[in-house]
Structure formats: C-alpha cells, structure tokens
Amino acid sequence: MTIAPTDRIPTTAPINISEMKRVMAQTMGTISDKWEKMAEAKHYTLPQRQAFAQTFEQIVGPAPLRVLDVGCGPGLFAQIWAEMGHEVTGLDCAPPMLERARARHQQAGLNSTFVEGDAETPPLESSTFDVVTNRAVIHMLLRPGLAVHRWHRLLKPGGKLVTVNFRPDRRKLKHVLKAIRYRLNRGSKKFGVKYSREEWQTITAYRESLPFGTTVPKQVFELYTAAGFEDVRYVSDELVQAARRSHEVPEFRRGGYLRYILAGTKGAD
Ligand SMILES: C[S@@+](CC[C@H](N)C(=O)[O-])C[C@H]1O[C@@H](n2cnc3c(N)ncnc32)[C@H](O)[C@@H]1O
C-alpha cells in the first residue's frame, strides 16, 4: 500500500495522534444530542431521506445488501440505508453517538448493528460488505488515504464506496466567518462547546494536521483511484437538493456549502 501524500501527518505536530483522536471523539460525544437535533431538522427531513434513498438505489441497486456506514454519528444516515431494506452496520469512535444510533434504530424497529472503532482502521472483517458509505466524515480524518484503502479492503469484489460530503461554496463568505467565530470563541456557541486551554491546543493541532481541512471532492476522487477503485464518478445530488429546497427549515437555512456524492466500485479480485 502506498501512503497518500495527504496522509503525511507533520512530524512537528506537538500532540500525539491518539491524544488528538481521543479529544475529537470526546468532543463529538459531548455534542451528540445537539448534533442529532440539528441534523434531524436540517439534513434529514422526510423528503431529503426519500431523495437520498432513490439516489442510492440508482448507485447500488436493490436491497438487501450488507452496508457499512463509517462515522455513523447518531445513526440518521444509516437509518436511510436500513429503511431501504439493507443490513446495516454503523461504526463511530464516539460512544454517546453510538448509543443514540442504537436507540434510534431500535425505536424504528430496525435490526442494525453498531460498532465502536476508528474509521481509519475499522475492526471489521475483509471482503464482507457490499457497500461502504460515509457522510460528513472524510474531511475529519487525519489519514483519509489510509481509510479509503481500508474501506476498499472491507468490500466484496464488485462492492461500492459511496461518499457524501459538503464542500465550501467559495462564492459565500459564511463558511469563512463560521471558522473565524469558532476560533475566536475557542469552540462553537451553537453546540455549546468551549475548550479548556489544553483541549484547545489539542483540537488546534488536530485541525492543523487534517490533510483536507475542508473537503475537496477532487482530492477524495484521487484517493479512490489510489486505493484501486474503478468506475469512480460523481453522482448527481439534484434530487436531494430539490428535496431540501422544497422543505427548507428557516432556522437551519444552509449557506456557504454545496454537497457532492462520489461512487466507486471494487474490481473483481
Ligand atoms: C459530522 S458527524 C456525521 C455523522 C453522520 N455520518 C451523519 O452524516 O449524520 C461525523 C461523525 O464522524 C465520527 N468520526 C470522526 N472521526 C472518526 C474516526 N476517526 N473514526 C470513527 N468515527 C469518526 C464522529 O464521531 C461523528 O459522529
């Protein structure tokens, strides 16, 4: 396996990788309730979920398939796949997120499995999934190239990797202002996160070590190719965008970001 240039964490990083990951997972755990409520109202309205399901069926074909959702958070994205009739496993590094995911799926009568682990080195068996998917995660990884290689390994021949993420809309200043506010506040007021000096140093080191910082689809495309994926292509998210526009929640109006969906296929061995 070749190490992608994006995966070279600066050796000058003052904090070790496992400590950076620990603080990030802890932060995600702390905000899990607010994050779930925000995401539910903003990104997972019924029309958006239906539009995602329709788009995914076009990419992967009919259920039932074995689907892994990496960085599943509170299980909202995984729920779309499970409700399509797939057999879903969700993986996340933050236990409070996993608790929410388990409760959500149980309440919805879905028989999904949730596993604690690192998206870069998932503790799962090779060649066992038909689909590996991830939403709003890849830009948070210190070694996205390693992750994409590992996800390739988890897929059966012919299996698909489906990445959904946002990318900054450079015509809008909103995402820049948000990042500045986050720095000035030493955390996010919206999620009620305020870091101690030590945590802030660690979180800053984490952010500065992120190869993508914000996600750039072209870089993710290159990681797919480097990992050996074939037929790598952007898939239109027009259905989802239309659904969002038709049902916009005023207090969660988007601004500053666009979405992309990238699919690739693992070739026959
Ligand atoms: C922005 S949330 C997205 C949650 C979910 N995919 C969704 O779209 O609704 C990112 C999630 O990725 C998880 N995450 C970030 N880095 C991770 C890693 N290295 N291993 C496992 N999970 C990770 C976080 O704990 C968090 O739950």
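Residues numbered from 1 in each chain as written. Predicted model: local features only at pLDDT ≥ 70, side-chain atom pairs only at ≥ 80, totals over all residues.

A.B. asks: A description of the overall build of the protein chain should follow, citing residues and the corresponding values.
C.D. replies: Across its full length, the protein chain holds ten helices and seven strands. By residue count, 38% of the 269 residues in the protein chain fall in the buried class. Partitioning the contacts of the protein chain with sequence separation of at least 6, the portion at a separation of at least 24 is 79%. (Helix = DSSP H or I, 4+ residues; strand = E, 2+ residues; numbered from the N terminus. Buried ≥ 20, exposed ≤ 12 C-beta atoms within 10 Å, placed from the backbone. Contact = placed C-beta atoms within 7 Å.)

A.B. asks: How would you explain helix 9 (residues 217-227) if you had to name every residue and give the values?
C.D. replies: Looking at helix 9, one finds that the buried residues are V220, L223, Y224 and A227. For helix 9, the angular spread of buried residues about the axis comes to 100°, placing them on one side. Of the residues in helix 9, the exposed ones pointing more than 90 degrees away from the buried face are K218 and T225. At the exit of helix 9 stands G228, carrying a positive phi of roughly 100°. (Arc of directions from axis to C-beta.)

A.B. asks: Outline the pairing of strand 1 (residues 66-70), supporting the account with residue identities and numerical values.
C.D. replies: Each regular strand shows side chains that alternate between the opposite faces of the sheet. Of all five residues making up strand 1, four are buried, and the element is well covered by its neighbours. Relative to strand 2 (residues 87-92), strand 1 runs parallel, the two being bridged by five bridges. If you follow D69 over to strand 2, its bridge partner there is G90. As paired elements, strand 1 and strand 4 (residues 129-135) share four bridges and run parallel to each other. Each residue of the ladder has a partner; that of L68, found in strand 4, is V132. (Pairing = 2+ DSSP bridges.)

A.B. asks: Lay out the packing of helix 6 (residues 144-154) against helix 9 in plain terms, naming residues and giving numbers.
C.D. replies: Contact geometry of helix 6 with helix 9 gives a least axis separation of 9 Å together with a crossing angle of 50°. Put simply, helix 6 runs oblique to helix 9. By crossing handedness, the relation of helix 6 to helix 9 is classed as right-handed. Listed contacts from helix 9 to P144, G145, V148, H149 and H152 of helix 6 are L223, Y224, A226 and A227. For the contact of helix 6 with helix 9, the class distribution of residues is six nonpolar, three polar and no charged. (Axes fitted to C-alpha atoms, helices over the stretch in contact; angles between N-to-C directions. Parallel < 35°, antiparallel > 145°, perpendicular 65-115°, else oblique. Left-handed = near helix turned anticlockwise from the far one by under 90°. Nonpolar A, V, L, I, M, F, W, Y, C, P; charged D, E, K, R; others polar.)

A.B. asks: Describe the nonpolar core, with residues and values.
C.D. replies: Judged by nonpolar contacts, the single largest core of 57 residues is most densely connected at W81, V132, W151 and Y224. The leading source of residues in this core is helix 4 (residues 76-83), at six residues. Aside from chain neighbours lying at most four places away, what touches W151 is V70, V132 and L161. (Core = buried A, V, L, I, M, F, W, Y, C linked by C-beta atoms within 7 Å.)

A.B. asks: Talk me through the packing of helix 3 (residues 46-60) against helix 10 (residues 238-246); I want residue IDs and the actual numbers.
C.D. replies: The contact between helix 3 and helix 10 brings their axes to 8 Å, and the two run at 170°. Comparing the axis directions of helix 3 and helix 10 gives the class roughly antiparallel. Contact residues: P47, Q48, Q50, A51, F52, Q54 and T55 in helix 3; L239, V240, A243, R244 and S246 in helix 10. A breakdown of the residues in the contact of helix 3 with helix 10 according to their chemical character gives six nonpolar, five polar and one charged.

A.B. asks: Would you mind going over unusual backbone geometry in detail, with residue names and values included?
C.D. replies: Here the bond from A63 into P64 is cis, since omega is 0°, no more than 30 degrees from zero. Inspection of the secondary structure puts P64 in the loop between helix 3 and strand 1. Positive phi is not limited to glycine here, since S127 has a value of about 55°. Summarising the element assignment, S127 is placed in the loop between strand 3 (113-116) and strand 4. The exposure class assigned to S127 is exposed, which follows from the 12 C-beta atoms found within 10 Å. Positive phi outside glycine occurs at A136, with the angle close to 55°. Note that A136 resides in the loop between strand 4 and helix 6. Exposure remark for A136: the 17 C-beta atoms within 10 Å place this residue in the partly exposed category.

A.B. asks: Give a detailed account of the environment of A63, specifying residues and quantitative values.
C.D. replies: Structurally, A63 can be placed in the loop between helix 3 and strand 1. C-alpha separation for the pair A63 and E83, spaced 20 residues apart in sequence, amounts to 9.8 Å. With residues near it in sequence (within four places) discarded, A63 still touches M84, G85 and H86.

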